Every structure is written in C-alpha cells, then in structure tokens.
Amino acid sequence: MNRFERQVILPGFGSEGQAKLKQASVLVIGAGGLGCPVLLYLAAAGVGRIAVVDGDVISQSNLNRQVLYGEKDLGKNKAETAIRYFQEKYSDIQWTAIAEFITVDNAQAHIFHYDLVIDGSDNFPTRYLVNDACVLLKKPLVYGSIYQHEGQVSVFNVGTHPCNYRDVFPNPPAPQEIPNCAETGVLGVLPGIIGNLMALEAIKVLSGLGKPLSNKLLLFNSLDTQFQELEIHPNPASQSAIPASWNEFHQRDYAFACEGVQQLSWNEAMKLMGQEVAFVDVREPGEEPPLECTGLVKVPFSTLSKELDRFEEAEEILFFCQSGARSQKAAQLLQQTYPDKKIFSIRGGINALRS
Amino acid sequence: MCLCGFPTNNLTTCPLLGNFNIFKKVLFQMPNYIRLKAFGMLAEKIGADSLEIENPGSSEALRRQLLQQFPALQSLTFRMAVDRKLIQAETDISAGQEIALLPPFSGG
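Residues numbered from 1 in each chain as written. Chains lettered and ligands numbered in written order. Predicted model: local features only at pLDDT ≥ 70, side-chain atom pairs only at ≥ 80, totals over all residues.

## A short note on the nonpolar core
Residue and element names in this part refer to chain A.
- Of all hydrophobic cores here, the largest spans 98 residues; its most connected members are V26, V28, L39, V52 and A202.
- Sort the elements by how many residues they give to this core and helix α8 (residues 189–207) lands first, with 10 residues.
- In this view, A202 contacts V26, L42, L116, I118 and V142; residues no more than four positions away in its chain are not counted.
- Grouped together as the second largest cluster of nonpolar side chains are 20 residues, F279, V280, F301 and I350 included. (Core = buried A, V, L, I, M, F, W, Y, C linked by C-beta atoms within 7 Å. Buried ≥ 20, exposed ≤ 12 C-beta atoms within 10 Å, placed from the backbone. Helix = DSSP H or I, 4+ residues; strand = E, 2+ residues; numbered from the N terminus. Contact = placed C-beta atoms within 7 Å.)

Here's what the structure looks like:
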C-alpha cells in the first residue's frame, strides 16, 4: 500500500498512469492564487519533479486565496516558502524553488528542463512571454486566468493542431484597458476552482487520462456556477506575433508600454536621485516590500487624482509601483495635468529591482 | 393577389402556391434575433451578461453596432465566438445564433 493507492486502482489510470506522473516534471510559474491549488494537487497526485518560479513576496492581502501561506510568512519569498512547506509534506518529490521572476533572459533555461508548464501568473506581459517561450520549445502549457467572478482555462501546444494563447488573443491589450491589480477584488475560492481545473488538465496531459482541454477554452462564472466551452483553432494571423527565434525572443520587450510615457531603468533613475526630483511610490499601503528612504514620497495610485497639487513644486517626477503598470498610468495622469514637467516611470517597478 | 397571379386576398388559400405561401409567411414573421453573451469587463460595460438583440447580419456589423451603442467598448480588446466557436475573420450571423464576447483576463 502506498499513498497513491486510491488513484492506482482507478480504471483508466492505474499503475501506468502513476508511473507516468512519477517520471514527469512540471514548472509552475507563479505561486499565487492559481499556483497554490495547482501545487497542492500536483504534489498530492505524485508528480515526480516540481519547480516553482516566483520572485514575489507574501503580503497580507494574498492570504484570502494563496492558501499555502499564513500570517508568519509575510514578507517571505513565495517560491521558497511554498517549497519549504512541500518538502516536509512529501519527501518523494524532487522540489526546486526559483525565487525570481520569469524573464526573456531566464525563460528558455528554466522551461527547457520540464515536461509541462503551468501559467499561474497574474499579468499580461508574463503570460505572453511564457506562451511564446512554450511555443518555441513546443512545451505543453496549461493556462488559467481569472477576473473578478470568472475564469478561463485551456491547454496549449498539445495535439495534432495545437493552439496557443495568441490564437485566442493575438496581442496583449493596451495598458489603459487593464484595471490595476489593487482595484479588482476576488473571492479566494475562484482561483481555487480554476487552479484545481489546471491541475486536472496537467495530470491528464502527463498521464494520458481522458481528454485535455486542447483546442478548447473553458469559461467559468462563479456567480451563476456556469461553465461554457469555446472551440479554438490555430490562427494564421497570430503566428506572426510570436518571435520566430530565440534571438528575437531575447530582444522582445514584453513589458507594457503606455503611449507617451518615458520609462527609465532603476540604474538610470538612480542617477537622477538627489537632484530636484520627486521620487514617488504609487503602491497602496501594505504592498511588500515597503520602501523607506529619504526624499521618497508615497502617494497611493487610488488617491493620486485627488492629490495632484502635491506635485506643483517638483520639476521632475519619477514614479514607480510593483510591476511598472500603475506607475505608467500615474505618469500619464500627471503629464496631462503638468505638460511642462519631466515625468518618468520606472520600468518593471519593484519587481525589476528584486530580480 | 398571389405570386402566381391567382386572385385571392388570403395568400394561403391559393390553390397553386398555398403551401409555399404559408412557408413564406412563417419565414418572414420569424423574428431575426441573436443572443449575446458578454464576459468579464465587457459585461460590466454593457450592463448585462446576456442580451437579445436584432441580428445585424455579420460579426463586423455587430462589432460596429456594439461600439456605437456602448462607447466604453471602443477602448477594449475582445474576440467573438459564434455558436461557441471562436471566429478569426468576418462571419455571417444568422437568426437564433449565440454570440460570445470574450475579453482577455490576466488575473491569477
């Protein structure tokens, strides 16, 4: 008797299915609302080798849905915290924590070593980056994402006429279209459901059980508990949007670019410091890690529009946030109010500083 | 007067084309409606997640009509599915079909 007995006796799965899982390796990108349930069930099912990539740290507002973490984990890296938890729980699995964000520079090296990739990220730049890398490597990719009370799930790069994310949405939406991460709420159980569906799809692809959601996009609405399935097909128009080579992939800037906003790297920004520059953190209170330094102004994005007169004196303004999306919006907003001031947004935000 | 020239006030009583006339009457009286299903932020902007509207005839005509009726959609990316099949080019829409309006989600 072993811990997999109840699935080994399942008709259609059996010891063969279990052996396939044991030999399989999975890379989970993002150990957040989706990544947590995915990891729980892939580990319990006995996938042999599991790695988690996440450069983010745990904050209090994560705890309603990121069920692997507790009060004592605040401020700790998500990938490392998740892996520590699982190493104690299941010693028969080979665990790897990668405490950084996935980028054009590290994607190929990380993804190459795994049989299947799970996209549990929470932003479009990462989703397109992961999609394109998986297309280039022909890696099965289990996709899931959520918005308020709805979720989408699919399986890419699997089957005879495989689809990928760009067959559904060839190009990322404009930054202005996307609500701020801090603005849209979510009930923890929704990523729980979508993450479980993603774990199920991964197990199906790896073990050969049932029919994975390839060439299908599953939609779920938690308010009326409705599922709907859409048929998707390879889209010739989207093919051109994917980098043709790794060289092209490495050159691609996946980060959002708001029209008319000047972006600076942290290095460039540091050179401006100390001069007559307002250095503004537009993150909401409680976002991790808090940054304290002299001359730093904190104006949460949610109240920025009411505090525009605070910037009257400054000649140059430097905005940053967690990922570089909100700071671009802040820069746009300020530039409209003060067309003569020099206003910048720091590319990649705090996340770029950490990785 | 019937199509065939038979003098009758009630087209269905024409001895020649009576059956055809009944068919024609039913056909022309059938309401030409389609069902829209909006997802995510699109449902918020439209104000409903399900809506019955008159059939504009094609996916492009529908898109134009939606953007005009709901200007908030103009700045949003979305794809359409006709009878649960994501479309890649302009597609004819016929009465009774279900059109899904699908925005990208990024949350996780």
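## A word on the domain arrangement of chain A
All names here are of chain A.
- Segmentation of chain A into domains returns domain 1 (5–251) and domain 2 (262–354).
- A separation of 32 Å is found between the C-alpha centroids of domain 1 and domain 2.
- Counting residues at the interface gives 11 residues for domain 1, matched by 14 residues for domain 2.
- In the side of domain 1 that touches domain 2, the residues fall into four nonpolar, seven polar and no charged. (Domains from an automatic or database assignment. Nonpolar A, V, L, I, M, F, W, Y, C, P; charged D, E, K, R; others polar.)

## Section: the sheet that holds strand β10 (residues 277–281) of chain A
All names here are of chain A.
- With parallel pairing, five strands are arranged side by side in an open sheet as β9-β13-β12-β10-β11. Lying at the two open borders of the sheet, with one neighbouring strand each, are β9 (262–264) and β11 (296–298). Pairs of neighbouring strands in the sheet enclose a mean axial angle of 35°, with direction left out of account.
- Where β9 lies against strand β13 (residues 342–346), three bridges are found, and the strand directions are parallel. Looking at the pairing, Q263 lines up with S345 of β13.
- Strand contacts of helix α13 (residues 326–337): β12 (316–320) and β13, with the helix running at about 170° to β13, the strand carrying the most contacts. (Pairing = 2+ DSSP bridges. Axes fitted to C-alpha atoms, helices over the stretch in contact; angles between N-to-C directions.)

## Structural notes on the confidence of the model for chain B
- Taken residue by residue, chain B gives an average pLDDT of 86. The fraction at 70 or more is 72%.
- Predicted complex metrics record ipTM = 0.79 and pTM = 0.82. (pLDDT = per-residue confidence, 0-100.)

## A look at the interface of chain A and chain B
- On the chain B side, the residues contacting the 31 residues of chain A number 18 residues.
- Elements that contribute at least two residues to the side of chain A that touches chain B include exactly α6 (124–137), β5 (141–147), β6 (150–156) and β8 (226–231) of chain A.
- Residues of the side of chain A that touches chain B, tallied by class, amount to 14 nonpolar, 11 polar and six charged.

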